[in-house]
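# Survey of secondary and tertiary structure
Listed here are the chains, written in short residue letters.
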Amino acid sequence: MTIHYHHLIMKPAGPVPVARALHKLWRYWQELQVRQTPGTQAPSIPAKTTLRLGGLGTVLPNIVLSEWLDEDKIIIRLAGTMVEEMTGQALAGVNLLDLTPATQRHDIGRVYTNLFTVPCGFHISESIRVGDGKKYTLAALVLPLADADGAACFAIGQYALSRNGFEEDRFEAASIIEHRQIDMFGYIDVGHGLPPGATAS
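Below is a summary of the structure that appears in this document. Just so we're clear, the structure is a prediction, and the values are computed from it rather than from any experiment.

### Quick word on the overall build of the protein
Along the protein, the regular secondary structure elements total 3 helices and 9 strands. Each helix (α) and strand (β) of the protein, taken in turn from the N terminus, gives the series β-β-α-β-β-α-α-β-β-β-β-β. Burial statistics for the protein: of 201 residues in total, 46% are counted as buried. Taking the contacts inside the protein whose residues are at least 6 apart along the sequence as the reference set, 58% of them involve residues at least 24 apart. For the protein, the exposed area adds up to about 10,100 Å²; of that, 53% sits on carbon and sulfur atoms.

### Considerations on the side chain of Ser-125
In this fold, Ser-125 is placed in strand S5 (residues 121–130). Exposure remark for Ser-125: the relative accessible area of 18% places this residue in the buried category. Sequence-distant contacts of Ser-125, defined by excluding residues within four places in its chain, comprise Thr-137, Leu-138, Ala-139, Gln-181, Ile-182, Asp-183 and Met-184.

### Let's talk about the pattern of salt bridges
In total, this model carries 5 salt bridges according to the counting rule given. The shortest N-O distance in the salt bridge between Glu-67 and Arg-77 comes to 2.9 Å. Of this pair, Glu-67 sits in strand S3 (residues 63–70) while Arg-77 sits in strand S4 (residues 73–79), and the two are 10 residues apart along the sequence. Of the residues examined, Glu-67 reaches a relative accessible area of 18% and is grouped as buried. The residue Arg-105 makes a salt bridge to Asp-98 at a minimum N-O spacing of 2.7 Å. In this structure Arg-105 comes out as partly exposed when scored by relative accessible area, which is 24%. Residues joined by salt bridges that share partners form a network here, namely Asp-72, Asp-98 and Arg-105.

### Overview of the pairing of S5
Most of S5 sits out of view: 8 of its 10 residues are buried. Of the pairings in the sheet, the one linking S5 to strand S6 (residues 135–146) comprises 8 bridges and is antiparallel in character. Across the sheet, Ser-127 pairs through a bridge with Thr-137, a residue of S6.

### A look at helix H1 (residues 23–36)
Taking 1.5 Å as the rise per residue, H1 with 14 residues should run 20 Å; its terminal C-alpha atoms sit 20 Å apart, in good agreement. Buried within H1 are the following residues: His-23, Leu-25, Trp-26, Tyr-28, Trp-29, Gln-30, Leu-32 and Gln-33.

### Comments concerning a nonpolar patch on the surface
A cluster of nonpolar side chains, namely Leu-53, Leu-60 and Leu-78, defines an oily patch on the protein surface of about 200 Å² accessible area. For Leu-53, a relative accessible area of 37% puts it in the partly exposed group.

### Quick word on helix H3 (residues 105–117)
Side chains that are three or four residues apart share a direction in an α-helix, a result of its 3.6 residues per turn. Its 13 residues give H3 an end-to-end C-alpha distance of 18 Å, which sits within 8% of 18 Å, the value for a rise of 1.5 Å per residue. Listed in full, the buried residues belonging to H3 are Ile-108, Gly-109, Val-111, Tyr-112, Thr-113, Asn-114, Leu-115 and Phe-116.

### Some details on the pairing of S6
Here S6 lies mainly inside the structure; 10 of its 12 residues are buried. Counting the residues in the hairpin turn of S6 and strand S7 (residues 152–163) gives 5 residues, including Gly-150, whose phi is positive at 90°.

### Structural notes on the packing of aromatic side chains
Inspection of every chain in the model, using the stated rule, returns 5 aromatic pairs. Taking 5.2 Å as the distance between ring centres and 15° as the angle between the ring planes, the aromatic pair formed by Trp-68 and Phe-116 counts as stacked. Within this pair, whereas Trp-68 is found in strand S3, its partner Phe-116 is found in helix H3, the two being separated by 48 residues in sequence. Measuring from ring centre to ring centre gives 5.2 Å for Tyr-112 and Phe-122, while their planes differ by 85°; the resulting arrangement is edge-to-face. Here the residue Tyr-112 occupies a position in helix H3, and Phe-122 occupies one in strand S5, the gap between them amounting to 10 residues. The exposure classification of Tyr-112 matches that of Phe-122, with both residues buried. Aromatic rings pair up to connect Trp-68, Tyr-112, Phe-116, Phe-122, Phe-185 and Tyr-187 into one cluster. Geometry around Phe-154 places Lys-48 over its ring, the cationic atom sitting 5.0 Å from the centre.

Definitions and limits used
Numbering of residues begins from 1 in every chain and follows the order in which that chain's sequence is written. Whole-chain, interface and lining totals are the exception, using all residues; otherwise, since this is a predicted model, local features are given only for residues with pLDDT of at least 70 and side-chain atom pairs are given and counted only at 80 or more. Heavy atoms throughout the structure, all of them, feed into the side-chain values; hydrogens and water do not. Numbering of helices and strands runs from the N terminus, with a helix taken as a DSSP run of H or I at least four residues long and a strand as a DSSP run of E at least two residues long. Each residue's exposure class comes from its accessible area (1.4 Å probe, protein chains only) as a fraction of the maximum for that residue type: buried when under 20%, exposed when over 50%, partly exposed otherwise. Contacts between residues were defined by any pair of non-hydrogen atoms, one from each residue, lying within 4.5 Å. Exposure was quantified through the Shrake-Rupley algorithm and a 1.4 Å probe, taking into account, for residues, occlusion by the shown protein chains and nothing else. What makes a salt bridge here is a side-chain nitrogen of Lys or Arg within 4 Å of a carboxyl oxygen of Asp or Glu, nothing more. In short, DSSP must find at least two bridges between two strands for them to pair. The span you would expect from a helix comes to 1.5 Å times its residue count less one. Patches here: salt-bridge-free residues with over 30% relative accessible area, like charges joined within 9 Å, nonpolar side chains (Val, Leu, Ile, Met, Phe, Trp, Tyr) joined within 5 Å. When the centres of two rings from Phe, Tyr and Trp lie within 6.5 Å, Trp using its six-membered ring, the rings pair. Their planes under 30 degrees apart give stacked, over 60 give edge-to-face, and anything left gives tilted. Two conditions define a charge located above a ring, namely a distance within 6 Å from the ring centre to NZ of Lys or CZ of Arg, and an angle within 35 degrees of the ring normal.

The following block contains the structure:
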């Protein structure tokens, strides 16, 4: 399996490889960061308390808010209806890592550890084949949020599902995923650098 890595520096226009459908979260996160960071200071991570769900508008059903407790425990605190329909279950209180294939759990866990400790963001695109044979592309953008002390221990992610280049609201054969493959992955520098070994293109 070939994974295309494309690490990004934060730009006002948004990260180019990230699906256009994900730009809503990107722009809203940037607005929170600008409001929180005086012009003369280094960019800070937006506090979770500044998040207003109304600011996410029509992408709210595609949102997941999670909390990092340790390297093997990232608890979903809020999940939109599209994401729950896609997984076929209620997600609040579920360990996000329990939703990943066993073969990817360690690598996805390391990605989230980097997101919270650097801190940085990441984008990912997967090809998914479901039980009725149809193929979809699932893209995600995940960005850090800070607690009251400024530590990045929350993450907000937006998911975009498409088929043949067109947006989809859900799988027609929900939760029966027969095959999945990561096609593209990259970290996003949100003002604090990238993890060791990751260089921006």
